[in-house]
Every structure is written in structure tokens, then in C-alpha cells.
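So the chains spell out like this:
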Amino acid sequence: MNVVFAGTPEFAQVALEALIAAGHAVPLVLTQPDRPAGRGMKLHPSPVKASALAHGIPVAQPRSLRLDGKFPDDAVAARAQLEAARPDVMVVAAYGLILPQWVLDLPARGCLNIHASLLPRWRGAAPIHRAIEAGDPQTGITIMQMDAGLDTGDMLLEATEVIAPDDRTATLHDRLAALGGRLVVDALARLGELVRTPQPAAGVTYAHKIEKAEAEIDWTQPAAVIERRIRAFDPFPGASGQLAGETVKLWAADASDGQGAPGTVLAVSPDGLTVACGDGSLRVTELQRPGGKRLPARQFLQSAGDLVGQVFAPRSA
């Protein structure tokens, strides 16, 4: 097939590489504009753009696809490129722009989306994070025929992935990205025979975008809830707390027994820092100081002094 691809981060890059490896012609890739990153804040291409250029595929980076929006010139140029590409289908994965109706109607066989959840649960921007945060036992990939709604289109294929007790967003992301690549290749191979299944009205949840403000730990919550949030926010934004006047990031922890005033350091050992929560306690096993590296608790504590009895500051309003 002639497949136009739209995507931006590593999750989408895996799918693009799978489509190319399967032999599909990709005449055009759409991705977000280059963004500043790193200490020098230099512009960096998205992972999808890097892959497209490596394969010699033309790239379009419109700031918007709305012909009546803030950047109409971008949309007009993108429309000309899409029409020239004559796609049989468009595959979309974590693109980051809303597709207006003219885009949805342009490919002969419509637009397919690779979504990292079992729809209708966790529609929206951060389905992997929110599934871990909620304690879901499983998630998966849904291949969806796109419509004008937010992840509301008919389902074509889905596959389930178990969420392990120690999964972080980083580890689950990589498995789901690989699964998404395999599943979209399968969907394109069987596109003529797949049955479109409307999403059920029951069970709809929304995976709202992760905000940096969510990183700060609320120690009045149960230990099990905090432990899931630590895993869900790895690698971004990283769970954090204020201890002894500095922001400490917490990267790994286990829920454990122990009671005390929420945020109080109950015990310290080479295996971890035990902190009281609203229900139970949390044994923190991997931490990071500002400007430092992630360290196992044993190394972190070597220069931390006596922390027993100290208190993580309450979460700011």
C-alpha cells in the first residue's frame, strides 16, 4: 500500500520502521516541528523525522492542519503534499495534532490510529502512564479507524499486554510500541476483511496529559497508590519530594508496613529509606538529588546524613 505516516515520538518511530520493513511504500511522513532540547536548547528533530530522513522519505512538519486555524499556510502546504502522495491509507501514532475532517477524508481507505490502550479505556494523551497509575492488571494496543472525535473511532484490531508488578512507563512503553508496530502491519495486510466494531459506551475513561505539577508526592495517600505513581512517572516527570530543603526524585519504591505521620522518615538501611504514608509506608530504593544521577539507596544514603525523623514537606497546594 501507499501509506502516509503521521507520528512524532519513539512509540511512533517503532511503527514507522515496522511499516517500512513490511514493504509498504511511504511517500510522506508528517511529524511535529523540531523542538529545542538539552542544555543548549538547540532544535532537535523528532524520532520519527530522524527515521524518515534515514530512509530518504520526504517529511512535512506543519504547525497545524486546520485550514481556518492559526497557521493556514502550513495547512495549505501540507494538503498539497498529502494530495501529491496519493495515499491509500494514513497511519497515525502519537502524532500530536488533531486531524481535521479533510485529512480524515483524503486517503482512499481512511486513517488508522495505533492507540496504546484497550479502548474505550484510556482515551487521550497518556494511556500508558494512566494504566500503571490506576493499577490496571493489563492494557494493550487498539488499531482504530479514526473519526473526528478523541479516540472514539471504530475498532479494527486489538491485542492485550499484561502490566507486570514492576513495570514502569518506560518498560511498558517499549513492549507496547513493538506490539503496535506488529499489529498495524497485520491490520494493513487484512484491511479488506477486518470488521469495524463501534466502541462500547460503557467503560470510557480519559488519560489526561501528564503535567509536571503531578510529580510532587502527596504523602497522605496510601503507600500502594504512591508506589504506582512513582512507576507511572518514570521517566517523565519523575516523582519528587522536598526533603531537608532540596527536591529529591524518587525512582523506585516498595509498599511496606509501618505507620507514622505522613512524610516522616521512619527508618534507614542500605536497602532503602522507609517513609510513612497515609496508609502503610514506602521503602524507597532509588533516589536522585538535583543535578545528580539516579542512585541506589545505599549510595544515596552515604552522603545524606541521619535522615530518621526528618519529614518530607507536605505537598504544595
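Here the structure is shown first, and the text comes after it.
Figured I'd write up the structure that's included with this text.

## Let's talk about the sheet that holds strand β9 (residues 138–145)
No. 1: The mixed open sheet is built from seven strands, whose spatial order is β5-β2-β1-β6-β7-β9-β10. Unpaired on one side and paired on the other, β5 (59–60) and β10 (155–162) mark the two borders of the sheet.
No. 2: Here strand β1 (residues 3–7) pairs with strand β6 (residues 89–93) via five bridges, running parallel. Bridged to V3 within β6 is V89.
No. 3: Relative to β10, helix α6 (residues 169–189) is tilted by about 150 degrees, and along the sheet it contacts β1, β6, β7 (111–115), β9 and β10.

## Here we look at the side chain of D74
No. 1: Assignment of secondary structure puts D74 in helix α3 (residues 72–85).
No. 2: Excluding its chain neighbours within four sequence positions, the residues that come into contact with D74 are P62, R63 and S64.

## Focus: the packing of aromatic side chains
No. 1: Within the structure shown, the criterion is met by one aromatic pair.
No. 2: Across from the ring centre of F300, 4.2 Å away, lies the NZ or CZ of R289, which sits over that ring.
No. 3: Note that R294 overlies the ring of W251, its terminal NZ or CZ placed 3.6 Å from the centroid.

## Observations concerning the packing of helix α1 (residues 10–21) against α6
No. 1: Closest axis-to-axis distance for the α1/α6 pair is 8 Å, and the angle between their directions is 35 degrees. Along this stretch, α1 crosses α6, giving a crossing that reads as right-handed. Contact residues: E10, F11, V14, A15, A18 and L19 in α1; H173, L176, A177, A178, G181, V184, V185 and L188 in α6.
No. 2: Looking at the contact of α1 with α6, its residues break down into eleven nonpolar, two polar and one charged.

## Some thoughts on the pairing of strand β13 (residues 246–256)
No. 1: Pairing of strand β12 (residues 239–243) with β13 involves five bridges; the strand directions are antiparallel. Among the inter-strand pairings, G241 is bridged to a residue of β13, identified as V248.
No. 2: Here β12 folds back onto β13 in antiparallel fashion, the turn holding two residues, of which A244 has a positive phi close to 55 degrees.
No. 3: The pairing of β13 with strand β16 (residues 281–288) spans seven bridges and is antiparallel. Considered in β16, the bridge of S256 is made with S281.

Rules of the game
Here the residue index of a chain counts from 1 through its sequence in written order. Under the rules for a predicted model, residues below a pLDDT of 70 receive no local features and side-chain atom pairs below 80 are neither given nor counted, while totals for whole chains, interfaces and linings still include all residues. Computation of side-chain values: all heavy atoms of the structure, hydrogens and water removed. A pair of strands is labelled paired if DSSP reports no fewer than 2 bridges between them. Here a helix means four or more residues in a row that DSSP labels H or I, a strand means two or more in a row labelled E, and each is numbered from the N terminus. In this analysis, two residues are considered to be in contact whenever any of their non-hydrogen atoms come within 4.5 Å of each other. In this analysis an axis means a line fitted to C-alpha atoms, helices contributing only their contacting stretch, and an angle means the value between N-to-C directions, from 0 to 180 degrees. Classification of ring pairs uses Phe, Tyr and Trp, with its six-membered ring standing for Trp, and accepts pairs whose centres are within 6.5 Å; under 30 degrees between planes counts as stacked, over 60 as edge-to-face, and the remaining range as tilted. Charges are assigned to positions over rings by a cutoff of 6 Å between ring centre and Lys NZ or Arg CZ, combined with an angular limit of 35 degrees from the ring normal. Handedness of each helix crossing follows the sense of rotation of the near helix against the far helix: counterclockwise by less than a right angle gives left-handed, clockwise gives right-handed. Any residue that is not Ala, Val, Leu, Ile, Met, Phe, Trp, Tyr, Cys, Pro, Asp, Glu, Lys or Arg is counted as polar, Gly included; the first ten are nonpolar and the last four charged.

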